Amino acid sequence: MPHYSTDTVCGITGLLPAILKNWRRAGLISAPSSDKGYSSGQLTRIFSVLEMTDSGDTLSEVHQRLYSAAYISRSGWACRQEELTQQLRIASDNLLQKRLQQVGNDYSSEAFVNDYLRPLNLWLRSDVSEGANERQTRFHAAVMHHAQRTMSAAFRRKSIPLFLEAVSVNDATEIWMESIRLVGQGFRVEVASEAKGVPATASYRHAHHLMWCGAGISQLMQWNYRHKLKDGIPALLCGPNQTLLQAAA
């Protein structure tokens, strides 16, 4: 019967080791064999829990769904977002950071970013009520803190080195959310978050280079990108707006 190491399971599922640890503590999955790793049956169970958490259910709700025959109410991502919105209004910065850490350790990075952080970020950016700017600023700071924490943890693991460079920025929070998602995909991410109009230099050697375009790409940076490809450097444009910006007359 095949067995899978923690690194292999994380690579297959896109989960961080801390998430598997939290799921074991919550009684959702069993611990792997110390010498063999996770069995095929355990891997199947992990995928089942992943499917349930990706809907936004809490670990307590998932536990009830697994072990209780009785009907339970389910909350989902809307409730998770409302909980954080309330904390943005009343909680300290330290409590905000702890809340993001907790949610980030309960759910896959893909769901955490795409179903939790990004929708909430869009809502906060469109909010025009009193105190909206302060809440957006605090949310950005909490996301950046969480991103830096997860990136630091990734540097202590055997992860694939990746350089994420800001070519242009429309929303300063986006690149940090992307870095969280990439760490969950098994990368050791270094971020150059400030778009300076000229190519950034990475501090560490990297196997992949992503150029984040939040508000288009200048001719200079596009030339730089094409030059990298010509030299066989593994570079890729990413982000919501990769439109070429015309030079000012």
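Note that the coordinates shown come from a computational prediction; the quantities given were computed from them, not determined experimentally.

**Quick word on the nonpolar core**
A general feature of soluble globular proteins is that nonpolar side chains tend to end up buried together.
Line of reasoning, step 1. Residues L20, W23, L117, L164 and V189 are the most contacted members of the largest nonpolar core, which totals 52 residues.
Line of reasoning, step 2. A per-element tally of this core places helix α7 (residues 109-126) first, with seven residues.
Line of reasoning, step 3. When near neighbours in sequence (up to four residues on either side) are disregarded, L20 contacts T6, V9, C10, L15, I29, Y38 and I46.
Line of reasoning, step 4. One finds M211, I217, M221 and A235 within the second-largest nonpolar core, a separate group that totals eight residues.

**Focus on the packing of aromatic side chains**
Line of reasoning, step 1. One pass over the structure, following the stated rule, counts four aromatic pairs.
Line of reasoning, step 2. Ring centres 5.9 Å apart and planes at 40° place the aromatic pair W77 and Y116 in the tilted group. Residue W77 is located in helix α5 (residues 77-90), and its partner Y116 is located in helix α7; the two are separated by 39 residues in the primary sequence.
Line of reasoning, step 3. Classification of W77 as buried rests on a relative accessible area of 11%.
Line of reasoning, step 4. Between the aromatic rings of F112 and Y116, the centroid separation amounts to 5.7 Å while the plane-to-plane angle is 25°, which identifies the pairing as stacked. Residue F112 and its partner Y116 are located together in helix α7, separated by four residues, close to a single helical turn.
Line of reasoning, step 5. On the basis of relative accessible area, F112 is assigned to the buried category, the value being 1%.

What counts, and at which threshold
Residues numbered from 1 in each chain as written. Predicted model: local features only at pLDDT ≥ 70, side-chain atom pairs only at ≥ 80, totals over all residues. Heavy atoms only, no water. Core = buried A, V, L, I, M, F, W, Y, C linked by side-chain atoms within 4.5 Å. Buried < 20%, exposed > 50% of the residue type's maximum accessible area, 1.4 Å probe, protein only. Helix = DSSP H or I, 4+ residues; strand = E, 2+ residues; numbered from the N terminus. Contact = heavy atoms within 4.5 Å. Phe/Tyr/Trp six-rings, centres within 6.5 Å; stacked < 30°, edge-to-face > 60°.

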